[in-house]
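Remarks on the overall topology
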Amino acid sequence: MNHLLKLSLLFAGLFFCTLERVHAQTVNQEPVDMVYPLVDAVNSRWFFFNSASRPFGMVNLSPDNAINADWNAGYRYNLDSIKCFSHIHGWQLSGVPVMPTSGEFKGHLGAGQYGSRFSHEKEVVKVGYHKVFLDSYGITAELTSTTRVGFHKYTFPKSSQSHILFDLSTFLGPSDTDEGGVKKVSNYEIEGHAVMGKTIRRSKRLTVYFVVQFDKPFERLRGWQHGELRELENDRIDGERIGAYVSFPTESGETRKMKVGISYVSMEQARINIKEELPHWDFGKIVAESREVWNNWLGRIAIDGGTETEQRRFYTDLWHALQGRRIVSDVNGKYIDNTGDHPRVGQIPLGGDGKPKFDHYNSDSFWGAQWTINTLWHLVYPEVSEAFVNSMLLMYDDGGLIPRGPAGGNYTYVMTGASTTPFIVSAYMKGICNFDAHKAYEGMRKNHFPGGMMSKAGYEHNTFKGGGLEYYLDRGYIPNPMSKVRYGFHQDGSTQTLEYAYQDYSLAQMAKKMGKGIDYELFMKRAANYKNIWNSEAGWMWNRTLDGNWREPVDILLYDHGWEEGNAAQYVWWVPHDVKGLAQLMGGRNAFSNKLNESFEKAAKHHFTSGKSHDKELNDKLRKVYINYGNQPSIQTAFLFNYSGAPWLTQYWSRQVVNQVYSGLSPDFGYSGDEDQGLMGSLAVLMKTGLFSTNGGTTVEPFYEISSPIFNKITIKLNPDYYSGGTFTIEALNNGPENFYIQSAELNGAVLDKPWLLHKTLVAGGKLSLQMGDTPNKNWGNKPEQAPPSMTN
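Criteria and cut-off values
Residues numbered from 1 in each chain as written. Predicted model: local features only at pLDDT ≥ 70, side-chain atom pairs only at ≥ 80, totals over all residues. Heavy atoms only, no water. Helix = DSSP H or I, 4+ residues; strand = E, 2+ residues; numbered from the N terminus. Rg over C-alpha atoms; globule rule 2.2 N^0.38 Å. Buried < 20%, exposed > 50% of the residue type's maximum accessible area, 1.4 Å probe, protein only. Contact = heavy atoms within 4.5 Å. Areas by Shrake-Rupley, 256 points an atom, 1.4 Å probe, with all protein chains shown as cover. Lys, Arg positive; Asp, Glu negative; His and termini not counted. Charge placed at Lys NZ, Arg CZ, Asp CG, Glu CD. Salt bridge = Lys/Arg side-chain N within 4 Å of Asp/Glu carboxyl O. 1 Å grid on protein atoms, 1.4 Å probe; cavity = no way out; pocket = protein on both sides within 12 Å on 5 of 7 lines; lining within 4 Å. Points joined across faces, edges and corners; volume = space filled by probe spheres on them. Nonpolar A, V, L, I, M, F, W, Y, C, P; charged D, E, K, R; others polar. Pairing = 2+ DSSP bridges. Expected span 1.5 Å × (residues − 1). Core = buried A, V, L, I, M, F, W, Y, C linked by side-chain atoms within 4.5 Å. Polar contact = N/O pair within 3.5 Å; in protein donor to acceptor, adjacent residues only side chain to side chain.

Per the secondary structure count, the protein chain includes 21 helices and 37 strands. The C-alpha radius of gyration of the protein chain comes to 27 Å, within 12% of the 28 Å expected for a compact globule of 793 residues. In terms of overall dimensions, the protein chain has a C-alpha envelope of 85 × 80 × 55 Å along the principal axes. Counting across all 793 residues of the protein chain, residues that qualify as buried make up 64%. Relative to all contacts within the protein chain whose residues are 6 or more apart in sequence, the contacts with residues 24 or more apart total 71%. Summed over all atoms, the accessible surface of the protein chain reaches about 27600 Å², with 49% contributed by carbon and sulfur. The positive charge centre, built from 80 side chains, and the negative charge centre, built from 84, are 1 Å apart in the protein chain.

Tallied over the full model, the rule gives 30 salt bridges. The closest approach of N and O atoms between Asp 317 and Arg 313, which form a salt bridge, is 2.8 Å. One end of the pair is Asp 317 and the other is Arg 313, both in helix α7 (residues 308-320) and 4 residues apart, which spans about a single turn. The pair Asp 317 / Arg 313 is uniform in exposure class, with both members buried. With a shortest N-O distance of 3.9 Å, Arg 623 and Asp 620 are connected by a salt bridge. Overall, the relative accessible area of 55% leaves Asp 620 in the exposed class. Within this structure, Glu 189, Glu 191, Glu 268 and Arg 271 form a network of salt bridges that share partners.

On to unusual backbone geometry. In this structure, Pro 481 follows Asn 480 across a cis peptide bond, with omega equal to 0 degrees. Here Pro 481 shows up in the loop between α12 (469-475) and α13 (493-513). Geometrically, the link from Glu 552 to Pro 553 is a cis peptide bond, its omega value of -10 degrees lying close to zero. Tracing the sequence through the fold places Pro 553 in the loop between β29 (540-541) and α15 (568-571). In the Ramachandran plot, Asn 234 falls in the positive-phi region, its phi being about 60 degrees despite a non-glycine side chain. Within the element layout of this structure, Asn 234 appears in the loop between β17 (228-230) and β18 (236-239).

With that settled, consider the layout of surface pockets. In this approach the atoms are scanned with a rolling probe the size of a water molecule, which exposes any empty space left behind. The space that makes up the largest pocket amounts to roughly 1000 Å³. Contributing to the lining of the largest pocket are 36 residues, with Pro 356, Lys 357, Phe 358, Asp 359 and Tyr 361 lying nearest its centre. Those elements that place two or more of their residues in the lining of the largest pocket are α5 (267-277), α6 (283-298) and α9 (382-399). Looking at the lining of the largest pocket element by element, the count peaks at 8 residues for α9. Across the lining of the largest pocket, the residue classes tally to 17 nonpolar, 6 polar and 13 charged. Considering the residues around the second largest pocket, the lining is formed by 28 residues, among which Arg 201, Met 415, Tyr 459, His 490 and Glu 565 are closest to the centre. In the lining of the second largest pocket, the residues fall into 10 nonpolar, 5 polar and 13 charged.

What follows concerns the pairing of strand β24 (residues 344-347). For strand β23 (residues 334-337) and β24, the ladder comprises 4 bridges, and the chain directions are antiparallel. When the sheet's bridge partners are listed, Tyr 335 is paired in β24 with Gly 346. The antiparallel hairpin formed by β23 and β24 contains 6 residues in its connecting segment.

The next thing to look at is helix α17 (residues 589-604). Along its 16 residues, α17 runs 22 Å from first to last C-alpha, staying within 8% of the 22 Å computed at 1.5 Å per residue. Those residues of α17 that fall on the buried side of the exposure criterion are Phe 592, Ser 593, Lys 595, Leu 596, Asn 597, Ser 599, Phe 600 and Ala 603.

Across the 10 residues of helix α10 (residues 420-429), 10 count as buried, placing the element largely inside the fold. What α10 keeps buried is the set Thr 420, Thr 421, Pro 422, Phe 423, Ile 424, Val 425, Ser 426, Ala 427, Tyr 428 and Met 429. The elements touched by buried residues of α10 are α8 (373-380), α9, α11 (437-447) and α13.

Below, the discussion takes up the sheet that holds strand β31 (residues 703-706). Reading across the sheet, the 3 strands line up as β30-β31-β36 and stay open at both edges, with antiparallel pairing between neighbours. On the outer flanks of this sheet lie β30 (691-692) and β36 (756-758), each paired with one strand and no other. Pairing analysis gives 2 bridges linking β30 to β31, with the strands arranged antiparallel. Considered in β31, the bridge of Leu 691 is made with Ile 706.

Applying the stated criterion across every chain yields a total of 9 cavities of 30 Å³ or more. Space inside the largest cavity adds up to approximately 80 Å³. Lining the largest cavity are Tyr 361, Ser 363, Phe 366, Phe 388, Ser 391, Met 392, Pro 403, Arg 404, Gly 405, Pro 406 and Thr 420. Of the residues forming the lining of the largest cavity, the biggest block, 3 residues, is contributed by α9. By volume, the second largest cavity is sized at about 60 Å³. Class assignment of the residues belonging to the lining of the second largest cavity gives a composition of 3 nonpolar, 2 polar and 5 charged.

Once that is clear, we can look at the sheet that holds strand β16 (residues 220-225). Within the open sheet, the 8 strands sit side by side as β1-β2-β4-β5-β11-β19-β16-β17. Their pairing is antiparallel. Each edge of the open sheet carries a strand with a single partner, namely β1 (52-53) and β17. Where β16 meets strand β19 (residues 242-250), 6 bridges bridge the pair, whose relative direction is antiparallel. Directly across from Trp 224, in β19, lies its bridge partner Gly 243.

Right, let's talk about the environment of Lys 456 for a bit. Tracing the sequence through the fold places Lys 456 in the loop between α11 and α12. Separated by 10 residues in the primary sequence, Lys 456 and Gly 466 place their C-alpha atoms 5.1 Å from one another. In contact with Lys 456, not counting residues within four places along its chain, are Arg 404, Tyr 413, Met 415, Thr 416, Gly 417, His 461, Asn 462, Thr 463, Phe 464, Gly 466 and Gly 467.

We now examine the nonpolar core. Counting residues in hydrophobic clusters, the biggest one holds 220 residues, and the most contacted among them are Phe 85, Met 541, Phe 600, Tyr 629 and Tyr 662. When residues of this core are assigned to their parent elements, the largest contribution, 9 residues, is made by α13. Counting 9 residues, the second-largest nonpolar core is a separate cluster that includes Tyr 129, Val 149, Ile 274 and Ile 286.

Structurally, Thr 199 can be placed in the loop between β14 (189-196) and β15 (206-214). Given the relative accessible area of 14%, Thr 199 is considered buried. Here the side chain of Thr 199 touches Gln 92 through a polar contact of 2.6 Å, side chain to side chain. A polar contact of 2.7 Å, which involves the side chain of Thr 199, links it to the backbone nitrogen of Arg 202. When residues no more than four places from it in sequence are discounted, the contact partners of Thr 199 are Gln 92, Pro 174 and Ser 175.

Here is the structure:
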């Protein structure tokens, strides 16, 4: 082989080795084009998968391959049939399943009979759009939506009998359908309601109202009840286990469009939502508008560098961060309040433009939000944070408590503690304060005393005992076991002790900011309660029993039994407000770093998770791990080395976690456990940008810790209504798969010798420049005075 040929082959090899990285930098794709909606779709939770939806949309229209469950329901990539297309996939919310069919009608026989086989080869899934071919009927279904209206386009085969059915006898996601009704308004419109049954989490029934409009007339409305076809009286059907369907003949290739507007208030409100959001029949226009809306949201963070896969996964993570927590108010601001004995229609205040000042939201818990959406939303989407705070205060007005996870206008008491306190406090500290701060403080303070959220364990609907707050106030810790009675789920005293201490610290900071000196001293004293479950002999946090002794035997890998969705090995690091104080308990900075590093070395052997899916995480053996990045309790751990003089270990382990847990584009994996409505998507975004906030931004002067960004350049476009800086850029020079160690840093041209920066500096705009390399600089940011602030200073 001659010399020129050898050189040609060498350069060709180098070219192809770097092709993906170069491709990512040169192909001009917009952020919305980069999203891969099928990530982790094999392991779908009811509210996890999204396709035809808008940011936080009331309507989340997508196929359901599995029904009858909260987990393992909704869109499940490995299943080969579609049971229906339903419009609501939310925390304890579901409703309005529809299905187009042709030929002999069999909808009354149940979803197992009327569902259709399909294949991914004939499926298109994009942000705001879903297209699939129903093999059993020869129908192409296309789906898109506005915020409150589902928009369907069906292409039928030639048939004397084509149908669209509405099954109000299904068990969708978390709840059964107790009863419902459908009525013909005209040959172009029907209206109806479905009553979603109680769940163990949502203790009251919830009515979903809907109006359906067709672009072409149907011939007849028919129905069924208890599996038997029925003739309708006055073109309506009501009751338990019912369904209805419209019928019409179709020519080959004939398209029919359908709008489905929903409301939790009334059918008239559903009709108003259609009128305001979808007054036309241009399906392509709505698809394009949805794409544009998503592109604007995702485009607030621009990235350069990395591989195409890394870029696509980043925008997929960001897309997930804006999903799951759903709008539940109508376009004119009306909403349903279910906090009382009977449902009540409320009205969100209107602005000068006649539009609601904010939306009302349904939401899973904010448990773990201090390390995820607190930081991402407050920084990149402050208007969302503000709306959520106002939504919480609206519920405080209605029901007397700031919620930690409302569903259907009611309290669920999901998880534990006052998990919304850090969210509200950190928003206030960052200048996101277009809400009644005094009312917010009053409501949060109430939650921190008996009769508030801290008094309730998970889903404890009727008592205020499972939270163990009286023990916490009297002894400074919550025993475990606390009693023989289980008042609710997650009645885990040691976790609750740690959680309450951090939340008390957060509220103390707002008290300080507002000049409430007595409260500040009170809550700061309570914030030190984490020390009361430190077992110095064992060297770990551990359970204390009712008699004040340590529970025997000590097994730090034992899951639950005092530890909420985790174990003592994971929770020992759960002191986000006082990492320095925790390090002192452990014998100092070096001892802290060594102990944490050993935990990471052990966790690396199982890829930092308890398995790559939720069903694996349920395995008792797989739960016996030191660190689990598939759930919330230990997701802050990689950043704690910044506090103990070893920032280079934060850079190393955060990059390893990203590579092992939050990388790749596959339906088979993606979040390795419970994504929980944007929490893990938000975490992945933060880890990839190299910014984090261990204390959730709750200090009077909020700050961000620095780790190892995976991209060469990250530009955050700041909302000018909240922050004056325009943009903030993070530049990682000489970055690469092996060059993940920070050698030196500059902030706005000045040397930065510490691994953190203030929020006010960031939002004033500018640039953080990081010089990267393949060996650690153990002298950068390692001095005690360079560590981020802790309660103990």
